[in-house]
Amino acid sequence: LFTLPVRGSEGLYMVNGPPSFTESAAFQRDSGKNCKAVAFSKDGSLFAWCNGEKVNIVNVTSAELLRSFDLPRAVCLEFSPKNNVLATWQAYTTAKDGTGGVPNLQLHDVKTGKCLKSFIQKKMQNWCPCWADDESLCARNVNNEVHFFENNNFNTIANKLHLQKVNDFVLSPGAQPTKVAVYVPGSKGAPSFVRLYQYPNFGGPQSALANKSFFKADKVTMLWNKKATAVLVIASTEVDKTGASYYGEQTLHYIATNGESAVVQLPKNGPIYDVVWNPNSVEFCAVYGFMPAKATVFNLKCDPVFDFGTGPRNAAYYSPHGNILVLAGFGNLRGQMEVWDVKNYKLISKPVASDSTYFAWCPDGEHIVTATCAPRLRVSNGYKIWHYTGSLLHNCEVPPNEEMWQVSWQPFLDGVFPAKAVKYQAVPSELPSAEPKPAQAYRPPALRNKPVTSSKLHEDEPPQNMKPQSGSGDKPLSKTALKNQRKHEAKKAAKQEAKVDANQESTQSSASQNAPRSAVPAITSGDPEVDKKIKNLRKKLKAIEQLKEQAAAGKQLEKNQV
């Protein structure tokens with residue numbers, strides 16, 4: 001049986017998960033209004049919280065208090081992956097006379113309770129050191145360097161990764177050897193870049209496993225897949241120079257540890273709202289484009305596998321086993337969710353969780369929690385627990401004058417819950433389904449007694465399978481590709497006609513007319529996308545030839561030209 005801690009103005013308490021949904025009698029409710037943070041260990045066996053006086057650690061099953069630390073100002077907590085260390089952070093303060101403040105990031109030994117090491121960590125962002133899954137390595141970003149400690153010995157720095165200005169780094173999940181993805185922002189016209197290294201080979205640029213540089217990046221998000229074979233990088237700028245979007249501009253890059261890299265081509269313009277790896281590590285889903293947004297699953301070649309069409313969505317969540325995908329529209333959207341069976345790409349259910357500020361899959365791969373939390377929304381706080389087939393199993397609303405700040409599932413290690421076959425039939429539930437009443441559109445008095453004519457601002461695109469169909473080797477074409485194909489065919493036909501005409505007239509004049517077009521014999525592969533790539537490559541080769549000629553003539557070439 002698993003639990004959900006609920007933190008809010010009524011204090012901190014534990015709720016038993018499905019099927020009972022009752023408050024846990026084992027965990028003593030902490031009814032102080034000052035609970036700042038909670039944390040589970042990775043395997044879900046330990047639970048820590050700070051209540052404005054102490055940081056407490058309890059054993060989840062027995063609810064026995066294991067440790068208590070006097071840290072009234074702690075606001076962030078995290079366990080190391082194997083439960084050996086508890087990291088705590090409090091706001092950094094300097095003394096009144098301007099002298100340096102005391103270290104505010106503490107690492108405590110969970111077993112003995114003693115403080116292993118204290119660091120000064122001014123920023124709350126990325127405050128926590130990162131551990132490899134087996135705790136053989138721990139890393140921190142210090143003054144644009146990444147410092148590595150081995151086997152939780154924090155008194156000696158075992159290794160340093162020094163690049164001009166490391167802004168961010170992410171350690172790979174899973175077993176040894178540990179890999180590191182680092183991001184260095186561009187400066188003075190030089191591009192930003194992300195590099196992948198294998199610990200401890202940090203020699204020079206040659207020792208990197210892979211390198212991808214790009215302009216247009218004020219900040220990046222780096223996402224490792226579970227098998228640590230590739231990283232997805234969402235690069236975004238604060239401002240969109242074209243003025244097309246309030247949210248700046250985003251691009252999606254793929255970098256593999258074997259050195260391959262690519263820009264993921266997204267067929268619709270607009271922001272990238274969300275990108276998630278499937279836990280199977282061989283495909284990922286992106287939600288992108290101006291509303292109504294598109295969602296597409298790509299493989300490791302960055303080719304689209306399945307397109308979910310367009311709809312009101314800005315987030316994607318794979319279930320822990322990777323067999324179900326939820327596409328959802330939260331925040332400024334109405335909370336519509338689409339639950340898809342990933343193997344067959346069939347829609348399972350379409351529940352609606354309006355005003356949700358939080359969504360999480362239960363480790364069992366069957367249940368989902370959605371919540372409305374303060375301070376994002378101050379009214380109608382509470383949480384709902386669903387089965388993925390669309391049934392609402394539990395609905396908890398906090399009293400009107402109270403707030404709920406956080407709810408989360410107790411984590412479990414992979415393999416504790418086996419994957420089950422996907423169901424399509426809604427599971428039975430005591431609660432009525434939470435279908436919101438459809439809001440009636442405003443109708444001016446003159447039209448009120450007349451029949452309703454529906455007018456859509458845009459047509460929604462239907463989902464379509466992008467995998468090459470067995471039998472025919474061709475890919476199903478997207479709308480633009482079809483358009484291009486038609487154009488292509490029309491051009492071909494026109495060319496044929498022109499040829500026939502030309503043969504009747506003099507060949508001389510026709511040659512002069514078609515010279516620019518047929519300077520290079522037009523070889524078509526039948527696939528407009530491939531033709532486009534061939535054309536671009538030809539362009540590049542031509543430019544290279546020209547540069548070589550210029551260099552031969554003694555012209556000094558720029559670095560990028562070389």
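Please refer to the structure placed before this passage.
Residues numbered from 1 in each chain as written. Predicted model: local features only at pLDDT ≥ 70, side-chain atom pairs only at ≥ 80, totals over all residues. Heavy atoms only, no water.

S.K.: I keep staring at the packing of aromatic side chains and nothing clicks. Help me out?
M.R.: Pairs of aromatic rings are described using the distance from one ring centre to the other and the angle between the two planes. As enumerated under the stated definition, the model contains 23 aromatic pairs in all. An angle of 80 degrees between the planes, with centres 5.7 Å apart, marks the rings of Phe2 and Phe417 as edge-to-face. Separated by 415 residues along the polypeptide, Phe2 in the segment before β1 (3-8) and Phe417 in the loop between β35 (404-407) and β36 (464-465) bring together distant segments of the chain. With a relative accessible area of 6%, Phe2 lands in the buried category. The class for Phe417 is partly exposed, based on a relative accessible area of 22%. Their ring planes at 20 degrees and their centres at 5.5 Å tell us that Phe284 and Phe298 sit as a pair that is stacked. Taken as a pair, Phe284 in strand β24 (residues 283-288) and Phe298 in strand β25 (residues 293-299) lie far apart in primary sequence, 14 residues in all. Residue classification places Phe298 among the buried residues on the basis of a relative accessible area of 1%. (Phe/Tyr/Trp six-rings, centres within 6.5 Å; stacked < 30°, edge-to-face > 60°. Helix = DSSP H or I, 4+ residues; strand = E, 2+ residues; numbered from the N terminus. Buried < 20%, exposed > 50% of the residue type's maximum accessible area, 1.4 Å probe, protein only.)

S.K.: What exactly am I supposed to notice about the sheet that holds strand β6 (residues 65-69) here?
M.R.: Working definition: the strands of a sheet are paired by backbone hydrogen bonds and lie parallel or antiparallel to each other. In spatial order, the strands read β3-β4-β5-β6; together these four strands make up an open sheet with antiparallel pairing. Whereas interior strands pair on both sides, the edge strands pair on one side only; in this sheet they are β3 (37-40) and β6. Taken over all neighbouring pairs, the strand axes of this sheet differ in orientation by 15 degrees on average, direction set aside. Here five bridges tie strand β4 (residues 46-50) to strand β5 (residues 55-59), and the two strands are oriented antiparallel to one another. Within β5, the residue paired with Phe47 across the bridge is Val58. (Pairing = 2+ DSSP bridges. Axes fitted to C-alpha atoms, helices over the stretch in contact; angles between N-to-C directions.)

S.K.: What should I look at first to understand unusual backbone geometry in this one?
M.R.: Note: most residues except glycine have negative phi, and most peptide bonds are trans. A cis geometry characterises the amide bond from Gln176 onward to Pro177, with omega recorded as -10 degrees. Mapped onto the elements, Pro177 comes out in the loop between β15 (168-171) and β16 (179-184). Going from Tyr199 to Pro200, the amide bond is cis rather than trans, its omega being 0 degrees. Inspection of the secondary structure puts Pro200 in the loop between β17 (192-198) and β18 (210-214). Even without being a glycine, Ala228 presents a positive backbone phi close to 60 degrees. Its location among the elements puts Ala228 in the loop between β19 (219-224) and β20 (230-236). For Ala228, a relative accessible area of 5% translates into the label buried.

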